[in-house]
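Next come the chains, spelled out residue by residue.
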Amino acid sequence: MGSEDVKVLCFWASPFSLRVEWALKLKGVDYEYIEQDVFNKSTLLLELNPIHKKVPVLVHASKPIVESFVILEYIDETWKQHPLLPHDPYQRAHARFWANFAENKLLYASFIAMVASGDDTEKALNVARDSVEKIEQEIKGKKFFGGDNIGYLDIALGWISYWIPVYEEVGSMQILDPLRFPAINAWMTNFLNHPVIKDRLPPRDDMVAYFHTRKKIVSPTYHDLMKYL
Amino acid sequence: MIREDVKLFNFHASPFGQRVIWALKLKGVDYECIEEDIFNKSNLLLELNPVHKKVPVLVHRNKPIAESLVILEYIDETWKQYPLMPQNPYQRAHARFWANFAEQKLLVAARIARLSSGEEQGKAVNEAREAMEKIEEEIKGKKFFGGDKIGYLDIVIGWISYWIPVWEEVGSMKILDPLKFPAINAWITNFLSHPTINDTLPQRDKMVVYYHSRRKEVSPS
């Protein structure tokens, strides 16, 4: 669909680059997927994202856009089919607020819980579970955060449905208790079963192996991450 | 001036609330400013922003919006006069990128620098300067980040012009070296000279007192 010059620099285990792919796929925008080795960064990546040196990078008509939320807004403004953000400014603000909340509160906390030890793990788990509780209230009574269809907030939070269960397994811990958080668990099932989402998930075994390795590498210096809690 | 039911819950020394004030004023939107004592938060504030319990909160038609950057986009989408964001999606992405960069790299480091001392402060000052270097490149050759007019990115980064000199004084440190950052310093002059910007700045001596007390709390020595 609409062959335009769209490339995405991705890393297969990155929830951030997958968001960008989900958005493009929902809108039916064709793109070239370029896998990056984030541990051995290519000259191309360093050229396109000199400030952060990270994936994802969206390149459209030869111009690079970085930072996954910035990219999502760009995609929504550039390709008008299957709108991701709601139309109403108040609901748009609401979606942006919750996307930022999950990014700042849950994303770090769940990763830190996986790599930390002792009391620090408990601390991180509490922050994570508190955040999930707030998100649970947001999704109650809705199929998707976007309503009947997947929207911006589903894409921004979608990593929860697939990355957190992996973190739970690798960290031998529980965050997404189905008894405590039935609405989120129902949303996760709906989200993961959506044909566009289902089609584009990294293999779970590979993810578990990858994050086991990450845990081993990051654990000795996890204290540096505690400031993000 | 447009009369709509707009309230802003703010704290006088908050750089985040100031952004919202600048945006509303540039668009000529009338609002009621409600000063919050952030050390003794009102029940109303806690009701309006239960998740973060912080200012600023914009209340429009009885609906609260929190988080200053989210509020700015809401304001720009709701009141169409004096557009803050560029029209073009790529330029909008560019503005949002630099807003996030300044928030994550400069603001965080500058805040640590104003609260700390010794080695920790030195490290934070260096990080702040590194971030400034990148921002210097962005503003080179332009009157404002928005071009000829003040725009979204000027409003987001605007706190630098007035808060950093106060923080430098309080923390006995230097971040905004005019020799090292001539373009930023020129922008600061342009920005603070703009009547709408200048008209609403909080009182400097009150700010100095406030930030001294914050610093004392953290490092009583």
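These figures come from a predicted structure and were not determined experimentally.

Enquirer: How should I be thinking about the nonpolar core in this particular structure?
Expert: One recurring pattern in soluble globular proteins is that nonpolar side chains are buried together. Residue and element names in this part refer to chain A. Leu24, Leu58, Ile135, Trp187 and Phe211 are the most contacted members of the largest nonpolar core, which has 172 residues in total. The element contributing the most residues to this core is helix α4 (residues 89–115), with 16 residues. Beyond its immediate stretch of four places on either side in the chain, phenylalanine 211 contacts Ala13, Phe111, Met114, Trp163, Val166, Tyr167 and Val170.

Enquirer: Explain helix α3 (residues 68–78) of chain B here, please?
Expert: Owing to its 3.6 residues per turn, the α-helix aligns residues three or four sequence positions apart on the same side. Counting buried positions along α3 of chain B gives ten out of eleven residues, so the element sits mostly inside the fold. For α3 of chain B, every residue scored as buried is listed here: Ser68, Leu69, Val70, Ile71, Leu72, Glu73, Tyr74, Ile75, Asp76 and Glu77 of chain B. Lining the buried residues of α3 of chain B we find α4 of chain A together with α1 (15–26), β3 (57–60), β4 (63–66), α4 (89–115) and α6 (152–157) of chain B.

Enquirer: Explain the packing of aromatic side chains here, please?
Expert: As enumerated under the stated definition, the model contains 29 aromatic pairs over all chains in all. Seen from their ring centres, tyrosine 74 of chain A and tryptophan 79 of chain A are 6.4 Å apart, and the 85° between their planes marks the pair as edge-to-face. On the basis of relative accessibility, which here comes to 6%, the residue tyrosine 74 of chain A falls in the buried class. Assessed through its relative accessible area of 6%, tryptophan 79 of chain A is described here as buried. Aromatic rings pair up to connect Phe11, Trp12, Phe39, Phe111, Tyr167, Tyr210 and Phe211 of chain A into one cluster. Above the face of the tyrosine 90 of chain B ring, lysine 63 of chain A is positioned so that its terminal group lies 4.8 Å from the ring centre. The cationic tip of lysine 149 of chain B hangs over the ring face of tyrosine 82 of chain B; the distance from NZ or CZ to the ring centre is 4.2 Å.

Enquirer: Please clarify how the domain arrangement of chain B should be interpreted in this entry.
Expert: One frequently used descriptor of interface size is the decrease in accessible area upon assembly of the parts. Residue and element names in this part refer to chain B. What the domain assignment lists for chain B is domain 1 (6–78) and domain 2 (89–218). Centre-to-centre, using C-alpha coordinates, domain 1 lies 21 Å away from domain 2. Taken together, the contact pairs 18 residues of domain 1 with 23 residues of domain 2. Approximately 1,900 Å² of surface area, both sides summed, lies buried where domain 1 meets domain 2, with 70% of it carried by carbon and sulfur atoms. Between domain 1 and domain 2 we count two salt bridges in total. With a closest N to O distance of 2.8 Å, arginine 96 and glutamate 73 form a salt bridge. Summed over the shared surface of domain 1 and domain 2, the number is eight residue pairs in polar contact (both at pLDDT 80 or more). Ranked by residues supplied to the side of domain 1 that touches domain 2, first place goes to α1 with nine residues. Its residues assigned to classes, the side of domain 1 that touches domain 2 comprises twelve nonpolar, three polar and three charged.

Enquirer: Before we go on, may I ask you to explain the UniProt feature "domain: GST C-terminal" (unreviewed entry) in chain A in this structure?
Expert: Those places that UniProt annotates as "domain: GST C-terminal" (unreviewed entry) correspond, in this numbering, to residues 88–211 of chain A. The span residues 88–211 of chain A is 74% helix and 0% strand, and its two end C-alpha atoms sit 39 Å from each other.

Enquirer: Just to check I follow, could you spell out the interface of chain B and chain A for this structure?
Expert: Listed as interface residues are 24 residues of chain B and, on the opposing side, 23 residues of chain A. There are six salt bridges connecting chain B and chain A. In this structure, the salt-bridge partner of glutamate 77 of chain A is arginine 92 of chain B, at a minimum N-O distance of 3.0 Å. Our enumeration of links across chain B and chain A arrives at seven residue pairs in polar contact (both at pLDDT 80 or more). Residue assignment for the side of chain B that touches chain A shows that the elements contributing at least two residues are β4, α3 and α4 of chain B.

Enquirer: Honestly, the UniProt feature "domain: GST N-terminal" (unreviewed entry) in chain A in this entry has me stumped. Any pointers?
Expert: Under the present numbering, the feature "domain: GST N-terminal" (unreviewed entry) in UniProt falls on residues 4–83 of chain A. The span residues 4–83 of chain A shows a helical share of 36% and a strand share of 21%, and its end C-alpha atoms are spaced 19 Å apart.

Enquirer: Quick question: what am I supposed to make of the packing of helix α5 (residues 118–139) of chain B against helix α8 (residues 182–193) of chain B here?
Expert: If you want to describe how two helices pack, look at the angle between their axes and the distance between the axes. All names here are of chain B. Where α5 contacts α8, the axes come no closer than 8 Å and their chain directions differ by 65°. Of the possible angle classes, the one that applies to α5 and α8 is roughly perpendicular. In the crossing of α5 with α8, the sense of the turn from one axis to the other is left-handed. On α8, the residues that touch Met132, Ile135, Glu136 and Ile139 of α5 are Pro182, Ala183, Ile184 and Trp187. In the contact of α5 with α8, the residues fall into seven nonpolar, no polar and one charged.

Criteria and thresholds
Residues numbered from 1 in each chain as written. Chains lettered and ligands numbered in written order. Predicted model: local features only at pLDDT ≥ 70, side-chain atom pairs only at ≥ 80, totals over all residues. Heavy atoms only, no water. Core = buried A, V, L, I, M, F, W, Y, C linked by side-chain atoms within 4.5 Å. Buried < 20%, exposed > 50% of the residue type's maximum accessible area, 1.4 Å probe, protein only. Helix = DSSP H or I, 4+ residues; strand = E, 2+ residues; numbered from the N terminus. Contact = heavy atoms within 4.5 Å. Phe/Tyr/Trp six-rings, centres within 6.5 Å; stacked < 30°, edge-to-face > 60°. Lys NZ or Arg CZ within 6 Å of the ring centre and 35° of its normal. Domains from an automatic or database assignment. Buried area = accessible area lost by both parts, 1.4 Å probe. Salt bridge = Lys/Arg side-chain N within 4 Å of Asp/Glu carboxyl O. Polar contact = N/O pair within 3.5 Å; in protein donor to acceptor, adjacent residues only side chain to side chain. Nonpolar A, V, L, I, M, F, W, Y, C, P; charged D, E, K, R; others polar. UniProt positions renumbered as here; feature names shortened; annotations may be inferred. Axes fitted to C-alpha atoms, helices over the stretch in contact; angles between N-to-C directions. Parallel < 35°, antiparallel > 145°, perpendicular 65-115°, else oblique. Left-handed = near helix turned anticlockwise from the far one by under 90°.

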